[in-house]
Amino acid sequence: TQLLEQSPQFLSIQEGENLTVYCNSSSVFSSLQWYRQEPGEGPVLLVTVVTGGEVKKLKRLTFQFGDARKDSSLHITAAQPGDTGLYLCAGAGNFKFYFGSGTKLNVKP
Amino acid sequence: DAMVIQNPRYQVTQFGKPVTLSCSQTLNHNVMYWYQQKSSQAPKLLFHYYDKDFNNEADTPDNFQSRRPNTSFCFLDIRSPGLGDAAMYLCATSSPRANKRIQYFGAGTRLSVL
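Quick caveat: nothing in here was measured; it's all calculated off a predicted structure.

(A) Focus on the sheet that holds strand β7 (residues 64-67) of chain B. Residues and elements named next belong to chain B. An order of β1-β3-β8-β7 is seen for the four strands of this open sheet, with the pairing classed as antiparallel. Every other strand in the sheet has two partners, leaving β1 (4-7) and β7 as the edge strands with one partner each. Each strand of the sheet is rotated relative to its neighbour by a mean of 20°, with strand direction disregarded.

(B) Structural detail: the interface of chain A and chain B. At the interface, 24 residues of chain A touch 27 residues of chain B. Summing both sides of the interface, chain A and chain B together bury roughly 1900 Å²; the carbon and sulfur share of this comes to 59%. Linking chain A with chain B are two salt bridges, by the criterion used here. Across the salt bridge formed by B:E57 and A:K96, the nearest N and O atoms sit 3.0 Å from each other. When residues of the side of chain A that touches chain B are traced back to their parent elements, those giving at least two are β4 (32-37), β5 (44-49), β9 (85-92) and β10 (97-99) of chain A. Looking at side-chain class alone, the side of chain A that touches chain B contains ten nonpolar, eleven polar and three charged residues.

(C) Fine view of the nonpolar core. Core analysis: the largest hydrophobic core is formed by 21 residues, its most contacted members being A:L19, A:L32, A:W34, A:F63, A:L74, A:I76 and A:L105. Elements with a minimum of two residues in this core: β3 (19-25), β4, β5, β7 (61-65), β8 (71-76), β9 and β11 (103-108) of chain A. A:L74 has contacts with A:L19, A:T20, A:V21, A:W34, A:L61, A:T62, A:F63 and A:Y87, leaving out every residue within four places of it along the chain. Counting residues in hydrophobic clusters, the runner-up holds 18 residues, among them B:V4, B:M32, B:Y89 and B:L111.

Cut-offs and rules
- Residues numbered from 1 in each chain as written.
- Chains lettered and ligands numbered in written order.
- Predicted model: local features only at pLDDT ≥ 70, side-chain atom pairs only at ≥ 80, totals over all residues.
- Heavy atoms only, no water.
- Pairing = 2+ DSSP bridges.
- Helix = DSSP H or I, 4+ residues; strand = E, 2+ residues; numbered from the N terminus.
- Axes fitted to C-alpha atoms, helices over the stretch in contact; angles between N-to-C directions.
- Contact = heavy atoms within 4.5 Å.
- Buried area = accessible area lost by both parts, 1.4 Å probe.
- Salt bridge = Lys/Arg side-chain N within 4 Å of Asp/Glu carboxyl O.
- Nonpolar A, V, L, I, M, F, W, Y, C, P; charged D, E, K, R; others polar.
- Core = buried A, V, L, I, M, F, W, Y, C linked by side-chain atoms within 4.5 Å.
- Buried < 20%, exposed > 50% of the residue type's maximum accessible area, 1.4 Å probe, protein only.

Limitation: the analysis is restricted to geometry and does not speak to function.
And the structure:
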């Protein structure tokens, strides 16, 4: 059973476009992380959101945690080829983390 | 500076030949994890340690074993690698704060099975 549903699974866009990735669950998480992973490397932590309704910005990336702490979104403004990668959301349980299926983003120049 | 270090980055082994992957951390985190990741999929948890307390996932094959001799080090042993075990293996640690548990990953070991 996948606790976190992530969408879309694949996204191919042109440089300069905006995009949003969604991470939804029926479970409440104490915190939720977003990672970006490049081929052949480990996931790199982008942000952790903890409070319901929280919004965090990281340059062109905006992360939102739902009021009920069950869902989250990642919005990228004016995507660049350097944003290409696999984006993963992960909800924190007691000691385990539950991953979404991932979104493979390709930004074409 | 890398805080979760995996060695080697690339490992080639033969079908059925035991292999050990290693992980060390400088964060002094009490929880360590081993994941298997196949191409562009989400990492799949194999097992985790809370201090020395070992927690195996129900669907982790017996072929996969782990050792944690101290807080800093953790090993993944694959007793008889099959072709289906070729994957990226990721080690991670997590912070002890229950209300803000964050996971940090190593760069991974890419395992090839010939």
